[in-house]
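# Survey of secondary and tertiary structure
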Amino acid sequence: MDTSRSYLEPSSFSKKLAATIIIVYTVITLIPISWMVMTSFKNVNSAISYPPEVLFEPSLEGYVNLFTNRSRQSQEYLDSLPAPETWYEELVRSREMVITGPSKFLGRYSNSMIIGFGSTFASVFLGALAAYAFSRFRVPLKDDLLFFILSTRMFPPIAVAVPIFIMYRKLGLGDTHLGMIILYTVVNLSLAVWLLKGFMDEIPKEYEEAAMIDGYSRLQAFFKVVLPQAMTGIAATAIFCMIFSWNEYAFAVLLTQFNAQTAPPFIPTIIGEGGLDWPAIGAGTTLFLLPVMIFTIILRKHLLRGITFGAVRK
Amino acid sequence: MSKIKIVNLQKSFGDFTAVKNSNLTINDKEFFVLLGPSGCGKTTTLRMIAGLELPTSGEIYLGDEEVGMLRASERDIAFVFQLFALYPHMNVKNNLSFPLKMQGYSRSEIKTRVEEAAKLLRIDHILNSNISSLSGGDRQRVALGRALVRRPKAFLMDEPLGTLDAEFRELMCLELKKLHIDVGATTVYVTHDQLEAMSLADRIAVMDGGEILQADEPSVIYNKPATKFVASFIGSPGMNFISIDQGISNEQSTLNIEGTNFNIPKQYEISKGKKNSFGIRPENLSLTNEGGLKGSVFGVEYLGSRKIVTVKTNFGEIKVKTDISTSVKINENVQVKPSNDNIIIFDGETDKSLKSEFMN
């Protein structure tokens, strides 16, 4: 019997088992994503060919189609045009089409950015203030209020779609960036308050007291001492809020059409000739995936770092 | 630096009164220790002086200014927390300059002051270190440094040595005392450790149950405790008490216990009732063969230079501090007798010490 390891340490068998489970799970989750990325680099025919092609000649057609509007022209007309100046014009011409202008994708994408980051910032900021108040002050009916805040998440948000739709129409908030930011913030806020309260409770109140004795007001102490230490919680909360508002589909379909439409309701409507343009949709979803991915990777180091780094001995 | 005065200070949390009607004057440049068991109200008193708690009633004077209702940031005091509360997201230098930044000093002034404080505390070599990489003692010094750079009206310290290990605590005790002499700052220091209090304090206030029982110099607190609680709390081991079922009259100078007459200091106060206590410290007792309280040896502790012999008598266990050469065996019959007249009679009804020739 191997007696060299401690009883607390997992055996090599359980380590291998854990590794296998993680690898299998990772592969399963990555298949749809890699299929999506592959589709974005296929051309229209190979995207829908059967049996599906795993090996194919990569093409940027999907991305070109995603960003442009095109129209089909006769061969005579194409011949009469001057030679194409760019690689993407050439690609489009080879399909007997000309570029008529940029598509709406960039606008929808930036709407998603504005609404996603805007509502994430608002949820985390307001959530941090509320969580701090709940954590530190004697708020009357604190427990009831916290439960009330949580109860807003006990039904799916879409259950209140009709009243919100009517409210937004009356208030003129329909199809506006502000309206969508407010909506997503309201939905995310309860989660933000609860998550952040847990983190705020963990921060010893001596830090603010020390800052207040050092001559800072409570609000200054909050920004200079409490917030930096709540970074772990803020990062986690921000990621959750961002993922929700970035991916939200139902309200976006219902409340936005032109001005403030986000990418999720737009991408599936990309129509090519004779049906959906799968490579373009693949390209759109791939690009759509990137910001949340980058955002999560940036905030990851805060997630991994301890809150107090042992400056207070407990 | 200024003196601190608290007048009729009271603090209640709901039904619970943490500090009862306290009065204290802490002199300028004094090292003043609030001593008591946990929950006695010492920390609450300190936090009220700091402005971290507002008093329910009463006044606090910092110098000549009444500050009782001012916010902590408006009081110009420094506070050293038990857990140091160093800002973990800043390095040592930024921790030290944090209070100065708020007061609008120029960059060069901040630099000079931080370096000055760092030099004094011998932490100038770790100014750029992260807080998390510091040892307990260095964290302690940084916490003191953050208090020092401000040059505040007073230093308040809440068990700052509580988390250090014993060896280090002794060292920091010495350093604190030296620092106090160098800087000459009015200091209020809270602790539950009587040895720390004895070695640091110019004066000590002993608190229990939210009340200040006695505030005086360490030697007076030790030798002439005002109440039975002070007598038992201070000293290691604490004072011995022998219950006596007899009243004390004025001018009384002997006391008959179990048929033996003991000389006591001439009493100047009449006891209120018939149940009183006879108090004497272990070092003022000696073992003898006759003329003392009878008992048997229950335990012997060697303390290196002294020995503590616990004697079981009809009045409970009595601890005697004896010479190391005294040899006794467990269960041996011995007698215990006072070796001098450092004897205090405590009134059974008030728990206060009675006035006498010794307790004048």
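Residues numbered from 1 in each chain as written. Chains lettered and ligands numbered in written order. Predicted model: local features only at pLDDT ≥ 70, side-chain atom pairs only at ≥ 80, totals over all residues.

## Re the overall build of chain B
When helices and strands are tallied, chain B shows eight helices and 20 strands. In terms of overall dimensions, chain B has a C-alpha envelope of 80 × 45 × 35 Å along the principal axes. Considering chain B as a whole, with its 360 residues, one finds that 43% of them fall into the buried category. Looking at chain B alone, contacts between residues at least 24 apart form 65% of all its contacts between residues at least 6 apart. (Helix = DSSP H or I, 4+ residues; strand = E, 2+ residues; numbered from the N terminus. Buried ≥ 20, exposed ≤ 12 C-beta atoms within 10 Å, placed from the backbone. Contact = placed C-beta atoms within 7 Å.)

## Describing the sheet that holds strand 18 (residues 316–323) of chain B
Residues and elements named next belong to chain B. Here five strands make up an open sheet; going across it, the order is 15-19-16-17-18 and the pairing antiparallel. Strands with a single pairing partner mark the edges of an open sheet, and in this sheet they are strand 15 (285–288) and strand 18. Strand-to-strand twist across the sheet, computed as the mean angle between neighbouring axes with direction ignored, equals 45 degrees. Pairing analysis gives four bridges linking strand 16 (residues 293–302) to strand 19 (residues 333–338), with the strands arranged antiparallel. Each residue of the ladder has a partner; that of Leu 293, found in strand 19, is Val 336. (Pairing = 2+ DSSP bridges. Axes fitted to C-alpha atoms, helices over the stretch in contact; angles between N-to-C directions.)

## Observations concerning the interface of chain B and chain A
Listed by partner, the interface residues are 22 residues for chain B and 20 residues for chain A. Secondary structure elements with two or more residues in the side of chain B that touches chain A: strand 6 (77–80) and helix 2 (92–102) of chain B. Class assignment for the residues of the side of chain B that touches chain A results in 17 nonpolar, five polar and no charged. (Nonpolar A, V, L, I, M, F, W, Y, C, P; charged D, E, K, R; others polar.)

## Description of the sheet that holds strand 2 (residues 16–26) of chain B
The strands making up a sheet associate through hydrogen bonds between their backbones, and the pairing can be parallel or antiparallel. All names here are of chain B. Strand order in this open sheet of four strands is 2-1-4-5, and the pairing throughout is antiparallel. The strands lining the two open edges of the sheet, one partner per strand, are strand 2 and strand 5 (65–66). Summarising the sheet, strand 1 (residues 4–13) and strand 2 pair through seven bridges and their orientation is antiparallel. For Lys 11, the partnering residue across the bridge sits in strand 2 and is Val 19.

## Some thoughts on the domain arrangement of chain B
Residue and element names in this part refer to chain B. Taken domain by domain, chain B comprises domain 1 (4–228) and domain 2 (229–346). A C-alpha centroid distance of 38 Å is found between domain 1 and domain 2. Listed per partner, the contact involves 12 residues of domain 1 and 11 residues of domain 2. Here the side of domain 1 that touches domain 2 gets three residues from one element, more than from any other, and that element is helix 7 (residues 218–223). (Domains from an automatic or database assignment.)

## Thoughts on the confidence of the model for chain B
A residue-level look at chain B finds 100% of positions with pLDDT of 70 or above and a mean pLDDT of 90. Among the prediction metrics, the complex's ipTM stands at 0.81, with pTM recorded as 0.80. (pLDDT = per-residue confidence, 0-100.)

## Some words on the confidence of the model for chain A
All names here are of chain A. Mean pLDDT over chain A stands at 88; residues scoring 70 or higher make up 93%. In the model of chain A, strand 3 (residues 271–272) stands out as the element of lowest mean pLDDT, 70, in contrast to helix 6 (residues 105–136), which has the highest, 95. Within the model, the stretch residues 306–314 combines pLDDT values under 50 with 20 contacts to residues more than four positions away or in other chains.

## Regarding helix 1 (residues 12–40) of chain A
Taking 1.5 Å per residue, 29 residues should reach 42 Å; helix 1 of chain A reaches 41 Å between its end C-alpha atoms and fits that length. Along helix 1 of chain A, the positions that sit buried rather than exposed are Met 38, Thr 39 and Ser 40 of chain A. (Expected span 1.5 Å × (residues − 1).)

## Regarding the domain arrangement of chain A
Residues and elements named next belong to chain A. The assigned domain composition of chain A is domain 1 (44–103) and domain 2 (106–304). For domain 1 and domain 2, the distance between their C-alpha centres works out to 38 Å. Facing the 10 residues of domain 1 at the interface are 10 residues of domain 2. Those elements giving two or more residues to the side of domain 1 that touches domain 2 turn out to be helix 2 (44–47) and helix 3 (61–67). Counted by class, the side of domain 1 that touches domain 2 contains seven nonpolar, two polar and one charged residues.

## Brief notes about unusual backbone geometry
Across the chain, the bulk of peptide bonds are trans and the bulk of non-glycine residues have phi less than zero. Look at the link from Tyr 50 of chain A to Pro 51 of chain A: it is a cis peptide, with omega at -5 degrees. Of note, the amide linkage connecting Ser 236 of chain B to Pro 237 of chain B takes the cis form, showing an omega dihedral of -5 degrees. Of note, Pro 237 of chain B is situated in the loop between helix 8 (228–233) and strand 11 (240–244). Phi is positive for Leu 141 of chain A, which is not a glycine, with a value near 55 degrees. Relative to the helices and strands, Leu 141 of chain A is located in the loop between helix 6 and helix 7 (142–151).

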